[in-house]
Amino acid sequence: MTRICLAGATGWTGRAVAAAALDAEDVTLVGAVARRSAGQDLGEALGRAPAGLEIAASVEAALAAAEADVLVDYTHPSAVKDHALTALARGVSVVVGTSGLIAEDYAELDAAARAAGRGVLASGNFAITAALLSHFALIAARFIEHFEVIDYAKAAKPDAPSGTARELAERLGEVRRPRLDHPIEQTIGPKELRGGSINGVQVHSVRLPSYTASVDALFTVPGARLKLTHDAGTDASVYAQGTLLGARRVGGFVGLKRGLDQLLFD
């Protein structure tokens, strides 16, 4: 039985993860964190029967109240790293579903996880379809030297690019730096129109109504194009099963792994 403390338990994705965890037979929620719902029963806060678990106001309080194997975080970019470091200091492994961290943050988490002898699984997207996109894109980058990433999300999304697109670009850049036939700095016109560079990969972020979370990985050769797309709707349940898979397996390694696909194809 995997004991989970869930931060962001009443948020858009956190609600779906909490519901899936309550229904699962091999995991148990021993902690739930949501500042605005602190003091409420988790089940009642989700519109379900009482779960017998009081929501805590902070990760520190939740981890102090019950022994957890894994902290799952779906909170905010400004808080997630501190939450993860707090958990690792207590010997608790971490699954990071919150977007907004950068490569330096992940390097810090990797070092802290190794020092604690625990694992951290961070994924910009825990949907199985997104994991498959990452896997196939990393293969494509081995054979195709021209590629860029386009990220689509709702108009009000605060971070750019999305965690999915950032993680994909950083990992693609580790396979190879894509070829640019015309240097960005020599662009005639605003250079920003060519997107931003993440680990040598050009990334373009679109923020418009009707999008939820989508990403395109574009690969081209003379005369042909390959387009890999993950397109999510408004049902957060697509992230729940991948998150619980990560929670079940994060105790099986030490250090940081980035991307759910690393568990699917290990």
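Here goes a summary of the coordinates provided.

Analysis parameters
Residues numbered from 1 in each chain as written. Predicted model: local features only at pLDDT ≥ 70, side-chain atom pairs only at ≥ 80, totals over all residues. Heavy atoms only, no water. 1 Å grid on protein atoms, 1.4 Å probe; cavity = no way out; pocket = protein on both sides within 12 Å on 5 of 7 lines; lining within 4 Å. Points joined across faces, edges and corners; volume = space filled by probe spheres on them. Helix = DSSP H or I, 4+ residues; strand = E, 2+ residues; numbered from the N terminus. Polar contact = N/O pair within 3.5 Å; in protein donor to acceptor, adjacent residues only side chain to side chain. Contact = heavy atoms within 4.5 Å. Axes fitted to C-alpha atoms, helices over the stretch in contact; angles between N-to-C directions. Parallel < 35°, antiparallel > 145°, perpendicular 65-115°, else oblique. Left-handed = near helix turned anticlockwise from the far one by under 90°. Nonpolar A, V, L, I, M, F, W, Y, C, P; charged D, E, K, R; others polar.

**Focus: empty space enclosed by the protein**
Thinking step 1. The tally for this structure, following the rule as stated, stands at one cavity of 30 Å³ or more.
Thinking step 2. When its volume is computed, the largest cavity comes out at roughly 40 Å³.
Thinking step 3. Around the largest cavity sit Ser123, Gly124, Asn125, Ala130, Ala131, Ser134, Thr164, Glu167, Gly259, Leu260 and Asp261, which together line it.
Thinking step 4. Element by element, the count of residues in the lining of the largest cavity is highest for helix α6 (residues 128-143), at three residues.

**Comments concerning the side chain of Ser162**
Thinking step 1. Its place among the elements puts Ser162 in the loop between β6 (146-153) and α7 (163-175).
Thinking step 2. Among the polar contacts made by the side chain of Ser162, one reaches the side chain of Asp151 at a distance of 3.1 Å.
Thinking step 3. Look past the residues within four positions of Ser162 in its chain and what remains in contact with it is Asp151, Lys157 and Arg207.

**A closer look at the packing of helix α1 (residues 12-23) against helix α8 (residues 237-249)**
Describing two packed helices takes the angle between their axes plus the distance from one axis to the other.
Thinking step 1. Between α1 and α8, the shortest axis-to-axis distance is 8 Å and the interhelical angle comes to 60 degrees. One element, α1, and the other, α8, form an angle in the oblique class. For the pair α1 and α8, the crossing hand works out as right-handed. In contact with Trp12, Thr13, Ala16, Val17, Ala20 and Ala21 of α1, α8 contributes Ser237, Tyr239, Ala240, Gln241, Thr243 and Leu244.
Thinking step 2. For the contact of α1 with α8, the residue count by class is eight nonpolar, four polar and no charged.

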